Amino acid sequence: MTLTPDQHLRFKSWLEDHRGILVKVIRSFAPVAADAADLQQELLLQLWLSLPSFAEQAKPSTWIYRVCLNTALTWRRGTSRREKHLAPEAEITQLPSDQASPAERVADGELLEKLYSAIRLLPASDRAFILLSLDGLTYREIADITGLTENHVGVALTRARKRLAERLKGVTHELE
Amino acid sequence: MNWNDLEAVWKHQELPAGACADVAMLKNAFESKRRQLAMALAVRDWAEASAGILVAAVYARIGWAIGRDAWPMVTAIIVILMVTVFFVRERIRSRRKRLGAHSPLLEKLNADIAELDHQRDLLLNLWRWYLGPITFAMAIFTLTLLRVAIIRLPPELWATLLQQPLIWALLIITGTGIGFLLWFAWVINRKAVQKRIEPRLEELRKLQRELIGSP
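Quick caveat, the model's predicted, so the values are computed rather than measured.

J.: Is there a simple way to explain the overall build of chain B in this structure?
T.: If you tally the helices and strands in chain B, you get seven helices and zero strands. Computed over C-alpha atoms, the radius of gyration of chain B comes to 28 Å, more than 25% over the 17 Å expected from 2.2 N^0.38 for 215 residues, which places it beyond the range of a compact globule. For the C-alpha atoms alone, the extent of chain B along its principal axes is close to 100 × 45 × 30 Å. For chain B, with 215 residues in total, the buried portion stands at 15%. Within chain B, contacts between residues at least 6 apart in sequence are counted, and of these 83% link residues at least 24 apart.

Here it is in structure tokens:
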């Protein structure tokens, strides 16, 4: 399978426009740096392989979420070590946000770190639901990605938020 | 702090700047990986298929040299070829049924579990579709050779041969060796089921239970 120039361009634009999805999935599913690099390469590889099947019927973000979550959920740490020299330019870099003051950034950064830590303590499927919900996807979109019904998504999300709230006790309240 | 605040922090988290991935480099790396994988799969498929074809060809050649008396060997050849066809059909079926990573999570999980379950059943029932037919074919082949030898060799020669301890030793060693190989194939496949397939199946089932929310 060799990608056409169009698919090549699409892959590039997906990385430009939806790189945040990859970053969030990686941070939620792989806490250790070595694992993160491993998972990142697996996600990129799976996205690359899935590209020819993309028929533009699905939204690119839905498609990317599916590929990334399917890969992350069934990814086995350490079993798919990739060459470390692969795509060094594709490393996830943290750039400062220009929308908040330094103090706010520190506070938000700490909260975000706690949030990620709490998410990583959740069962894998809850992690997926929380991630999709925090990204503001509707029940319909989450149902499209997971293959569950909207009602089922509602129940699963309530359960996942409850579990997240338990792990975030002392940091937040009223999450349900 | 409530859910909306968390959502706001989440949405404003620092993310990497646009596309800094070298797509050309990714392309080269993935293409070479894909080629390696495709080559490994092709070698495995051909090795499995050609082993059966080779054995069938050897049986056919020996049968041809013996002539009409070797007619039962046709059954052995058919059985060996059937095992080969089964192998190839399984590979094709497995590839066709595999869902891409872009499928909905539950659908993909269900398909992966069904496939792994099928692989487990195949390995646990190795005698039914692989070792059994192979043993049956080898038995037919050996008995046919023996029958032809009884018909064609003079009785005095038989009497002399059967008095040679070396002949008996060879027969016992060959029989034991074949028996050991079959047992070994059965054991390593069972071990593969216990050590690799069942733990993975359990992981996927746990994930499935979590996803659909059953206890």
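J.: What am I meant to see in the overall build of chain A here?
T.: Looking only at helices and strands, chain A has eight helices and zero strands in total. Helices and strands appear in chain A in the N-to-C order α-α-α-α-α-α-α-α. Burial statistics for chain A: of 176 residues in total, 38% are counted as buried. Expressed as a percentage of contacts within chain A between residues at least 6 apart in sequence, the contacts between residues at least 24 apart total 66%.

J.: Would you explain helix H8 (residues 150-167) of chain A in this entry?
T.: Residue and element names in this part refer to chain A. Taking 1.5 Å per residue as the helical rise, H8 with its 18 residues ought to reach 26 Å, and the 25 Å between its terminal C-alpha atoms agrees with that figure. Within H8, burial applies to Val153, Ala156, Ala160, Arg161, Arg163 and Leu164. Along the long axis of H8, the arc covered by the buried residues comes to 165°, so they all point the same way. H8 presents Asn151, Thr158, Lys162 and Glu166 as exposed residues on the side facing more than 90 degrees away from its buried surface.

J.: Which parts of the structure should I look at to understand the packing of helix H3 (residues 73-97) of chain B against helix H5 (residues 126-152) of chain B?
T.: When two helices pack together, their arrangement is given by the angle between their axes and by how far apart the axes lie. Residues and elements named next belong to chain B. Between H3 and H5, whose axes approach to 8 Å, the crossing angle comes to 160°. Judged by the angle between their axes, H3 and H5 are roughly antiparallel. Seen from above, H3 lies across H5 with left-handed handedness. Where H3 abuts H5, its residues Met73, Thr75, Ala76, Val79, Ile80, Met82, Val83 and Phe86 lie against Trp129, Tyr130, Pro133, Ile134, Phe136, Ala137, Ile140, Phe141 and Thr144.

J.: Sorry, what's going on with the nonpolar core here?
T.: In summary, soluble globular proteins display a tendency toward joint burial of nonpolar side chains. Within the largest apolar cluster, 53 residues are counted, with the highest numbers of intra-cluster contacts made by Val25, Cys68 and Leu69 of chain A. Here this core gets eight residues from one element, more than from any other, and that element is helix H4 (residues 60-74) of chain A. When sequence neighbours within four positions are dropped, the list of residues in contact with valine 25 of chain A reads Leu43, Cys68, Leu69, Ala72 and Leu131 of chain A. Formed by twelve residues, the second largest nonpolar core is a distinct cluster that contains Ala56, Met73, Ala76 and Phe141 of chain B.

J.: So what exactly am I meant to see when it comes to H3 of chain B here?
T.: Residue pairs spaced three or four apart in an α-helix point in one direction, given the helix's 3.6 residues per turn. The end-to-end C-alpha separation of H3 of chain B is 36 Å, in line with the 36 Å expected for 25 residues at 1.5 Å each. Along H3 of chain B, the residues that are buried comprise Met73, Ala76, Val79, Ile80 and Val83 of chain B.

J.: Please explain the confidence of the model for chain A as it appears in this structure.
T.: Note that predicted coordinates carrying low pLDDT should not be read in detail. This prediction gives chain A a mean pLDDT of 80; 77% of its residues lie at or above 70. The low-confidence segment residues 79-99 of chain A (pLDDT under 50) makes 33 contacts with residues lying over four places distant or belonging to another chain.

J.: Teacher, can you tell me more about the packing of helix H3 (residues 33-50) of chain A against H4 of chain A here?
T.: Residues and elements named next belong to chain A. Where H3 meets H4, the closest approach of the two axes is 9 Å, and the angle between their N-to-C directions is 130°. With respect to H4, the axis of H3 lies oblique. Judged by the twist between their axes, the crossing of H3 over H4 is right-handed. Of the residues in H4, those touching H3 at Leu39, Glu42, Leu43, Gln46, Leu47 and Ser50 are Ile64, Val67, Cys68, Thr71 and Ala72. Taken together, the residues that form the contact of H3 with H4 break down as seven nonpolar, three polar and one charged.

J.: What is the right way to look at the confidence of the model for chain B in this model?
T.: Of the residues in chain B, 95% reach a pLDDT of 70 or more, and the chain-wide mean stands at 88. Reported confidence for the predicted complex is 0.78 by ipTM and 0.79 by pTM.

What counts as what
- Residues numbered from 1 in each chain as written.
- Chains lettered and ligands numbered in written order.
- Predicted model: local features only at pLDDT ≥ 70, side-chain atom pairs only at ≥ 80, totals over all residues.
- Helix = DSSP H or I, 4+ residues; strand = E, 2+ residues; numbered from the N terminus.
- Rg over C-alpha atoms; globule rule 2.2 N^0.38 Å.
- Buried ≥ 20, exposed ≤ 12 C-beta atoms within 10 Å, placed from the backbone.
- Contact = placed C-beta atoms within 7 Å.
- Expected span 1.5 Å × (residues − 1).
- Arc of directions from axis to C-beta.
- Axes fitted to C-alpha atoms, helices over the stretch in contact; angles between N-to-C directions.
- Parallel < 35°, antiparallel > 145°, perpendicular 65-115°, else oblique.
- Left-handed = near helix turned anticlockwise from the far one by under 90°.
- Core = buried A, V, L, I, M, F, W, Y, C linked by C-beta atoms within 7 Å.
- pLDDT = per-residue confidence, 0-100.
- Nonpolar A, V, L, I, M, F, W, Y, C, P; charged D, E, K, R; others polar.

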